[in-house]
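What follows is each chain in one-letter form.
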Amino acid sequence: MGSDIHDSEAGGGPSAPPDEHRSTTTLRVNGKPHTLVVDHRRALLDVLREDLDLTGAKKGCDHGQCGACTVLLDGRRVNSCLQLAVALDGSEVTTIEGLAGDGEELHPLQRAFLDRDAFQCGYCTPGQICSALGALDEAAAGHPSHVTAPAAPSGRPVPLDADEIRERLSGNLCRCGAYPRIVEAVEDVVR
Amino acid sequence: MAGTGTALGAPAERREGQLKVTGGARYAAEHALPGRAQAWPVPATVARGRVTAVDATAALRLPGVLAVLTHENAPRITEPEDPILGVLQNPAVPHRGWFVALVVAESLEAARAAAAAVRVEYAAEDHDVTLTADHPEAYEPESVNGEHPTRREHGRRASDSPAARVNVAYEVPPLHNHPMEPHASTAHWDQGHLTVYSSSQGGTTVRETLAALFGIPEERITVVADHVGGGFGSKGTPRPDVVLAAMAALTTGRPVTVSFPRRFLPAVVGHRAPTLHRVRLGADADGRLTSLTHEVTTHTSRIKEFVEQAAVPARVMYDAAHSLTVHRVARLDVPTPSWMRAPGEAPGMYALESAMDELAAELGMDPVELRIVNEPEREPDSGKPFSSRHLVDCLREGARRFDWSRRDPRPRSRAEGPLLIGTGVASATYPVLVSPSTARAQALPDGTFVVRVNATDIGTGARTVLAQVAADALEVPLDRVRTEVGSSDLPSAPLAGGSSGTASWGWAVHVACRELVARLAAHAGPLPAEGIDAHADTSGRADADSPFARHAFGAHFAEVGVDTVTGEVRVRRLLGVYAAGRILNARTARSQFVGAMTMGLGMALTEGSTMDAAFGDFTECDLASYHVPAHADVPSIEAHWLDETDTHLNPMGSKGIGEIGIVGTAAAIGNAVHHATGVRFRTLPLTPDKVLGGLAG
């Protein structure tokens, strides 16, 4: 398979859960394949953070209420805390660490967040950026939101104004209150 | 040398920004030390009583479980000064949600499952968690938070009746800080040295506390708080996570991370206590206050007296011939309250500034003018002159920017379809606090400089602004200065709290840098390889009594739309103007003002917690039930400031800016809702159920 194989339970010895509670799962994360023996209870977020040391996806609530753990799963944004890793065999995952690509260049969204000071503590930031990226693709694919005009033509790209951005990013909480700057940052990229 | 001596005030980009937007910034739970284990706490399920038995047999049998700590087997610690840290030391349960056990396991999943398998038996006692204004156990404490006196009275009650009076009650419910990063600590003992990565607003205090609790010298403890995912007061002092992590690491001999599940936070990290306000105002026909009374009743827990100082801002704001401010507190079987952004000022100014709006309506006077008429010459309570005030300038500048003069003062005078539109104003104040700090500045042979101070960057941009302070003091370009913060191995420093961090750390950085400049001037020839350094300690200066009353001031303006069909209130515009001394970084300062105003918007419209009388628990304990504002709730928010020069502060001339943004926001929004609807709502938050009920009369 050409991927690293490791056990999601530290050591994998007698302290690991019994075999019937673990399965081999392969995920492509930021372009790299990883084959893991995962505890069936393990969420994608914990695979990323604990097994792959990709701590960019944050754990804010572990219940899908805050959006800090947002990553792209097969190109769609998801709360990775709500995804059981065992159910994702063969999936493609993109995290904040994978956005910039191999070069040093930041993704335009990352650059825009810096330019606009669109964060303070930074804990929700990776989720905001991944969510914005997903939202841009959804709008481009013609997905309407709650604030899209009912008369807007179906299936055509939805123009993202500030109201659309606010609506589409409302699953990503920011307690520092950087919302106005985040919206501006996303608008910079839309333009 | 471009930029020499002009760094202060510049909108310098955050130095850790790139790390934060690429996912490279590591927070307390993200230090995966080799062999690191995970812990999961077990909260008490009774509101009052004691643990009679803990059966960990089933939990310990689960694969991957390393230990179950309880009051029977946990390491003994010295009795803490802060009772909330006395975890797993005795069987007492002072409130529901108090931790009665801690599971340590190889994985999060194993720890969580085992925590659910720990069986705890209790001897429960009757509890009382319900605060009322006439609670029989309420008493006047010796002092309130901030060491303010609990009661102050000035002047004498007038015998003749005032031209206008207001006598109303307001209610602010319990509120939760809910920083995005839950409280977490990773602890590791290595050959008698304890290293903790802790999500804290002040690592120096964490180290002092751990040294006292575990009976080891401070030199054998390192506390790292490199990046902190917000705190808003709830990480201002050590919380149980760091004590539990150190205990668990000691017990298992492994590095251990304790990261509190979100739902457990409200009970163990502090909350803004509910405040019940009675405000009585009397004024003459010109609007001058003849009497001002602010009485506050609040709660605290059985184990600690924390009293939200909500009547204190009334001592700063307005002159009145007679004034009375007093606090009462009831000890209930509730979690221990603590600091939440602008403790005292935020709920207190909600009540006072709402009452001022009611008084303006009684008088038929413009609410901006009413405030201006009552502008004091000196601080009403202390009689001290203000070092600077400029509240009137904030009000006038805000009114100009907001187009206040075009406002039709009549309530319910503007509608757009089913929406009623209104505007409101409120004043804001926050004290200038500053503490002694140490710092070290070093000049290196390559022409660069390093500034070291155990400041904490909880999102304020401390690294950046301290580099600006240093560059100015050193008279060198900003890019020649590096700052190191966030470790207790650095010169000790006070916490990021009370809007005092930058003033406190910056003062020490400034002094160290000026001293370094002097040393460099006296030095002949090239610098030695290790450079030259200078150390500063501002004890005795930063904490010296000032002959001046020192506060920041501000004015908030809000426009709301109230949906008469759904009862939903939406903020359409929010504008703040601040007089907060010199603004040291225009970019990060704006973000702090806007962020605090956003939290004020939440306080006004969406945030509220409830003590369940039967279970003794916060009902809204997670982010699904406790509604912090989301993107869709927040319109464009404007923050402006005056160029205020005040030479009685610190060498930078700055006041704190982290909290004042929340202070008047809720009142401005509430006043706008009254202007829109003609209805006074006096209990926060203004949720659709309340608003619809009010509109229906």
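1. Looking at the overall build of chain A
When helices and strands are tallied, chain A shows five helices and six strands. The secondary structure elements of chain A, listed N-terminal to C-terminal, are β-β-β-α-β-β-β-α-α-α-α. Against the compact-globule benchmark of 16 Å for 191 residues, chain A has a radius of gyration of 18 Å, which places it among compact chains. Expressed as lengths along the three principal axes of its C-alpha atoms, the size of chain A is roughly 55 × 35 × 30 Å. Among the 191 residues that make up chain A, the fraction classed as buried is 54%. Nonlocal contacts in chain A, meaning residues at least 24 apart in sequence, comprise 57% of its contacts between residues at least 6 apart.

2. What about the overall build of chain B?
For chain B, the helix and strand inventory stands at 16 helices and 28 strands. Relative to the globule expectation of 26 Å for 697 residues, the C-alpha radius of gyration of chain B, 26 Å, shows essentially globular dimensions. Along the three orthogonal principal directions, the C-alpha set of chain B runs to about 75 × 75 × 50 Å. Taking the intrachain contacts of chain B between residues at least 6 apart in sequence as the baseline, contacts between residues at least 24 apart amount to 82%.

3. Focus: the sheet that holds strand β5 (residues 99-105) of chain B
All names here are of chain B. Spatially, the seven strands line up as an open sheet ordered β3-β5-β1-β14-β11-β12-β13, and their pairing is mixed. Each edge of the open sheet is held by one strand with a lone partner, namely β3 (65-70) and β13 (221-224). In this sheet, adjacent strand axes meet at a mean angle of 20° when their direction is disregarded. As paired strands, strand β1 (residues 37-43) and β5 are joined by six bridges and run antiparallel to one another. By the bridge assignment, glutamine 38 is partnered in β5 with alanine 105. The sheet strands contacting helix α4 (residues 203-214) are β12 (193-198) and β13, and the helix crosses β13 at an angle near 145°.

4. Observations concerning the nonpolar core
Within soluble globular proteins, side chains that are nonpolar generally end up buried alongside one another. Residue and element names in this part refer to chain B. Ranked by size, the top nonpolar core spans 277 residues in total, and within it Ala39, Val103, Ala470 and Val509 carry the most contacts. Per element, the largest residue contribution to this core is 11 residues, and it comes from helix α8 (residues 345-363). Once you skip the residues sitting within four places of it in the chain, alanine 39 turns out to touch Leu102, Val103, Val104, Ala111, Leu244, Ala245, Ala248, Val256, Thr257 and Val258.

5. As for the packing of α4(B) against helix α5 (residues 240-252) of chain B
Residues and elements named next belong to chain B. The interhelical angle for the contact between α4 and α5, taken along N-to-C directions, is 50°, at an axis separation of 11 Å. Judged by the angle between their axes, α4 and α5 are oblique. In terms of crossing hand, the pair formed by α4 and α5 is right-handed. From α4, Val206, Leu210, Leu213 and Phe214 reach across to α5, where they touch Val242, Val243 and Ala246.

6. Here's the deal with the sheet that holds strand β25 (residues 569-579) of chain B
Residue and element names in this part refer to chain B. Pairing in this open sheet of five strands is mixed, and the strands run β18-β19-β24-β25-β28 from one edge to the other. Since the sheet does not close on itself, it has two edges, and those belong to β18 (415-416) and β28 (637-641), each with one partner. For strand β19 (residues 419-431) and strand β24 (residues 551-563), the ladder comprises 13 bridges, and the chain directions are antiparallel. By the bridge assignment, glycine 422 is partnered in β24 with valine 560.

7. As for helix α5 (residues 179-190) of chain A
Helix length check: α5(A) (12 residues) gives 16 Å between terminal C-alpha atoms against 16 Å at 1.5 Å per residue, within 8%. Summarising the contacts, the buried residues of α5(A) are in contact with α2 (108-116), α3 (125-140) and α4 (162-168) of chain A together with α13 (586-605) and β28 of chain B.

8. Some remarks on the confidence of the model for chain B
Within chain B, residue pLDDT values average 97, and 99% of them lie at 70 or more. The ipTM, which scores confidence in the relative placement of chains, is 0.97 for this predicted complex, and the corresponding pTM is 0.97.

9. Brief notes about α8(B)
Residue and element names in this part refer to chain B. Between its first and last C-alpha atoms α8 spans 26 Å; for 19 residues at 1.5 Å apiece the expected length is 27 Å, and the two agree. Within α8, 18 of the 19 residues are buried, leaving the element largely enclosed by the surrounding structure. After α8 finishes, the residue glycine 364 shows a positive phi value of roughly 65°.

10. Points about unusual backbone geometry
Residue and element names in this part refer to chain B. The omega angle of the peptide bond from leucine 684 to proline 685 is -10°, so this bond is cis rather than trans. Its place among the elements puts proline 685 in the loop between α15 (665-677) and α16 (688-695). One non-glycine residue, phenylalanine 232, lies in positive phi territory at about 55°. On the secondary structure map, phenylalanine 232 appears in the loop between β13 and α5.

11. Brief notes about the interface of chain A and chain B
Each partner contributes to the interface: chain A provides 51 residues, whereas chain B provides 50 residues. Only α1 (44-51), α2, α3, α4 and α5 of chain A provide two or more residues apiece to the side of chain A that touches chain B. Here the side of chain A that touches chain B is built from residues that sort into 24 nonpolar, 13 polar and 14 charged.

12. Topic: the environment of B:Met611
Residue and element names in this part refer to chain B. Counting through the fold element by element, methionine 611 comes out in strand β26 (residues 611-612). When the C-alpha atoms of methionine 611 and leucine 131 are compared, they prove to be 9.1 Å apart, with 480 residues separating the residues in sequence. Dropping the residues within four chain positions of it, methionine 611 is found in contact with Val129, Thr130, Pro174, Val334 and Phe618.

Scoring rules and cut-offs
Residues numbered from 1 in each chain as written. Chains lettered and ligands numbered in written order. Predicted model: local features only at pLDDT ≥ 70, side-chain atom pairs only at ≥ 80, totals over all residues. Helix = DSSP H or I, 4+ residues; strand = E, 2+ residues; numbered from the N terminus. Rg over C-alpha atoms; globule rule 2.2 N^0.38 Å. Buried ≥ 20, exposed ≤ 12 C-beta atoms within 10 Å, placed from the backbone. Contact = placed C-beta atoms within 7 Å. Pairing = 2+ DSSP bridges. Axes fitted to C-alpha atoms, helices over the stretch in contact; angles between N-to-C directions. Core = buried A, V, L, I, M, F, W, Y, C linked by C-beta atoms within 7 Å. Parallel < 35°, antiparallel > 145°, perpendicular 65-115°, else oblique. Left-handed = near helix turned anticlockwise from the far one by under 90°. Expected span 1.5 Å × (residues − 1). pLDDT = per-residue confidence, 0-100. Nonpolar A, V, L, I, M, F, W, Y, C, P; charged D, E, K, R; others polar.

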